[in-house]
Amino acid sequence: MTGVLEGIRVLDFGRFIAGPWCGALLADMGAEVIRIEKVDGGEDRGMYPLGEEDITGAMFVQCNRNKQCLTLNPTKPEGRAIQDKLVATADIIIANMPPRALEQLGLDYKTLKANKEDIILVTATAFGTMGPYATKVGLDSVAQAMCGNMYISGTPGQPVKSFSPWVDYATASLSAFGAMAALRHRDATGEGQEVQGALLASALATTNALMIEQHVLETDREATLNRGQIAAPADDFKTKDGHIFVTSAGQPMFERWVELMRADGGDEDHWLTDPRFKDDVTRGYNSEAVSDRMRDWCAKRTTKDALAQLAEARIPSSPVLSPRQALENEHVRESGMLRKTTYPGVTKDIPIVATPVRLTKTPGEVRTRPPKLGEHTDEILATLGYTKAKISELRTARIV
């Protein structure tokens, strides 16, 4: 099946997640993506290492499937010349670097446009290009801290950062969305442009409702760990043999929860008559009482039994799984959300996440394993007119 981006060439100068995962999403959709990497390998290659013989790690494997890899030192004149030739063949450049680094490497939009008029540059910075923090560097955790998420996710006096770098992945996904929109615009007008992602902008998009509420009502919400604040029940609960998470929204779902509690024995009518629980808003403000009742209910049941009864009542719930348990979960295994790939030196098949959005007519596809360092350097340089002898000279000089 032909990918919707077949014929589009992307040069991926990205680092860590925000740039590389954007490139991976475009590659899944059929684009030819070339990862441009330092001669000795990028800083992101070895994160969560999978073996001792190779510097490649799990994060690199996920974020760089379906790509080719060219090693290059563009700080040297001959390296810059190769970069310029590549840019002339490209449609999209991905570079999640600060503006100063882009200019030093000749990857700023002005320089790229002088080389190729309709080029699309996709950047991702920590704080955006305007404001007093525009020149500061930052990572996912910095954006989590600044958007209010850490403050409201922990307990009063103890902010908690999410272990998963969701800001990076959100920024990458939004950058891929921006790149697709820019391609649409270029197809219509012939114009290229710069697509500017920012970690803080992505993070603020997820906490914006809280900020709006704060501005209008000055609620000054405090953290309640896993207990929700805009509906109830919404919390994690300990069962006889594990933990589950239960969440609800809307009056019909709450009434079904009341019926479930009533079936457990005892008088539960107050949940429907007490004004503290009349709607999601009031239940959110008084969610601790609802959590206490649900905690008692879960403590008497195994995870399997609790989830079965909640499913029958059509109340959203799930087990709280470790990474090992997530891999073994029957739905994760059978849903097609993971694909198996391989990598040289790794003795096991690698479960790699499939394209996380499914198109029924033109789905994304994991076609090739992530590249080894510089695996396609000779092949790519040959297409630019470099001979084997010249490539050997460039390698000796550590240009590639």
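Presented here is a report on the structure given in the accompanying data block. A quick note: this is a predicted structure, and the numbers were derived from the prediction, not measured.

Concerning the nonpolar core
Most often, soluble globular proteins have nonpolar side chains that are buried together.
Now for step 1: Judged by nonpolar contacts, the single largest core of 29 residues is most densely connected at Ile 82, Ile 93, Leu 107 and Leu 381.
Now for step 2: Elements represented by at least two residues in this core include exactly strand E2 (32–37), helix H3 (77–89), strand E4 (92–95), helix H4 (99–104), helix H5 (109–115), helix H17 (377–383) and helix H18 (388–396).
Now for step 3: Looking at this core element by element, the count peaks at three residues for H3.
Now for step 4: Apart from the residues within four sequence positions on either side, Ile 93 is in contact with Leu 11, Phe 13, Val 87, Leu 107, Leu 112, Ile 119, Ile 120, Leu 121 and Val 122.
Now for step 5: Membership of the second largest hydrophobic core comes to 26 residues, among which are Leu 5, Ile 94, Val 122 and Ala 172.

Points about the pairing of strand E3 (residues 67–71)
Residues in a regular strand point their side chains to alternate faces of the sheet.
Now for step 1: Of all five residues in E3, five are buried; the element is thus mostly enclosed.
Now for step 2: Burial along E3 is two-sided: the face carrying Lys 67, Cys 69 and Thr 71 and the face carrying Gln 68 and Leu 70 are both buried.
Now for step 3: Sheet topology places E2 next to E3; five bridges connect them, and they run parallel. Residue Ile 34 lies in a different strand from E3, and its bridge partner there is Gln 68.

Brief notes about the sheet that holds strand E8 (residues 243–247)
The pairing of strands in a sheet happens through backbone hydrogen bonds and is either parallel or antiparallel.
Now for step 1: The sheet built from three strands is open, its strands ordered E7-E8-E9 with antiparallel pairing. Of all the strands in the sheet, just strand E7 (234–238) and strand E9 (317–319) have a single pairing partner and so form its edges. Averaged over all neighbouring strand pairs, the angle between strand axes comes to 20°, with direction disregarded.
Now for step 2: Two elements, E7 and E8, share five bridges in a ladder whose sense is antiparallel. When the bridges of E8 are listed, Phe 237 appears paired with Ile 244.
Now for step 3: The strands touched by helix H13 (residues 287–299) are E7 and E8; relative to E7, the strand with the most contacts, the crossing angle is about 30°.

Things to note about the state of the cysteines
Now for step 1: Counted by the stated rule, this structure contains zero disulfides.
Now for step 2: Free cysteine Cys 22: the closest other cysteine sulfur is in Cys 63, separated by 11 Å.

Quick notes on the environment of Ile 93
Now for step 1: On the secondary structure map, Ile 93 appears in strand E4.
Now for step 2: With relative accessibility at 0%, the residue Ile 93 sits in the buried group.
Now for step 3: Once the C-alpha coordinates of Ile 93 and Lys 390 are considered, the two residues, 297 residues apart in sequence, prove to be 26 Å apart.

Observations concerning the sheet that holds strand E5 (residues 120–125)
Now for step 1: Across the sheet, which stays open at both edges, the six strands sit in the order E3-E2-E1-E4-E5-E6 with parallel pairing between neighbours. Single-partner strands in this sheet number two, and they are E3 and strand E6 (193–198). The average undirected angle you get between the axes of adjacent strands in this sheet is 20°.
Now for step 2: Relative to E6, E5 runs parallel, the two sharing six bridges. Each residue of the ladder has a partner; that of Ile 120, found in E6, is Gln 193.
Now for step 3: Each of strand E1 (9–12), E2, E3, E4 and E5 touches helix H1 (residues 18–28); the most contacted strand, E4, lies at about 150° to it.

With respect to the side chain of Thr 56
Now for step 1: Following the sequence through the fold, Thr 56 ends up in the loop between E2 and helix H2 (58–63).
Now for step 2: For Thr 56, the side chain forms a polar contact with the side chain of Tyr 343, separated by 3.0 Å.
Now for step 3: Once you skip the residues sitting within four places of it in the chain, Thr 56 turns out to touch Arg 45, Gly 46, Pro 49, Leu 50, Val 61 and Tyr 343.

Examining the pairing of E2
Now for step 1: Where burial is concerned, most of E2 is hidden: five out of the six residues are buried.
Now for step 2: As a crossover connection, the stretch from E1 through H1 into E2 is right-handed.

Some words on H3
Now for step 1: Spanning 13 residues, H3 covers 19 Å between terminal C-alpha atoms, matching the ideal 18 Å at 1.5 Å per step.
Now for step 2: Within H3, burial applies to Gly 79, Ile 82, Gln 83, Leu 86 and Val 87. In a view along the axis of H3, the buried residues occupy a sector of 140°, so they form one face of it.

Looking at the environment of Val 87
Now for step 1: Here Val 87 is to be found in helix H3.
Now for step 2: A residue is classified by how much of its surface remains accessible, and Val 87, at 1% relative accessible area, is buried.
Now for step 3: Separated by 298 residues in the primary sequence, Val 87 and Gly 385 have C-alpha atoms spaced 15 Å apart.
Now for step 4: With sequence-adjacent residues up to four places away left out, Val 87 is seen in contact with Leu 11, Ile 93, Leu 112, Asn 115, Lys 116 and Ile 119.

Observations concerning the pattern of salt bridges
Now for step 1: By the definition in use, this model includes 27 salt bridges.
Now for step 2: When the shortest N-O distance is used, the salt bridge between Glu 117 and Lys 113 registers 3.8 Å.
Now for step 3: The class for Lys 113 is partly exposed, based on a relative accessible area of 33%.
Now for step 4: Arg 276 serves as the salt-bridge partner of Asp 274, at 2.9 Å between the closest nitrogen and oxygen.

With respect to the packing of helix H8 (residues 166–189) against helix H9 (residues 199–217)
Now for step 1: At a minimum axis separation of 9 Å, H8 and H9 run at an interaxial angle of 100°. Taken together, the axis directions place H8 and H9 in an arrangement best described as roughly perpendicular. Packed against H8, whose contacting residues are Trp 166, Val 167, Asp 168, Ala 170, Thr 171 and Leu 174, the element H9 presents Leu 199, Ser 202, Ala 203 and Thr 206 at the interface.
Now for step 2: Counted by class, the contact of H8 with H9 contains six nonpolar, three polar and one charged residues.

Cut-offs and rules
- Residues numbered from 1 in each chain as written.
- Predicted model: local features only at pLDDT ≥ 70, side-chain atom pairs only at ≥ 80, totals over all residues.
- Heavy atoms only, no water.
- Core = buried A, V, L, I, M, F, W, Y, C linked by side-chain atoms within 4.5 Å.
- Buried < 20%, exposed > 50% of the residue type's maximum accessible area, 1.4 Å probe, protein only.
- Helix = DSSP H or I, 4+ residues; strand = E, 2+ residues; numbered from the N terminus.
- Contact = heavy atoms within 4.5 Å.
- Pairing = 2+ DSSP bridges.
- Axes fitted to C-alpha atoms, helices over the stretch in contact; angles between N-to-C directions.
- Disulfide = S-S within 2.5 Å.
- Polar contact = N/O pair within 3.5 Å; in protein donor to acceptor, adjacent residues only side chain to side chain.
- Right-handed = clockwise from strand over helix to strand, strands pointing away.
- Expected span 1.5 Å × (residues − 1).
- Arc of directions from axis to C-beta.
- Salt bridge = Lys/Arg side-chain N within 4 Å of Asp/Glu carboxyl O.
- Parallel < 35°, antiparallel > 145°, perpendicular 65-115°, else oblique.
- Nonpolar A, V, L, I, M, F, W, Y, C, P; charged D, E, K, R; others polar.

Function cannot be inferred from these measures alone, as they are strictly geometric.
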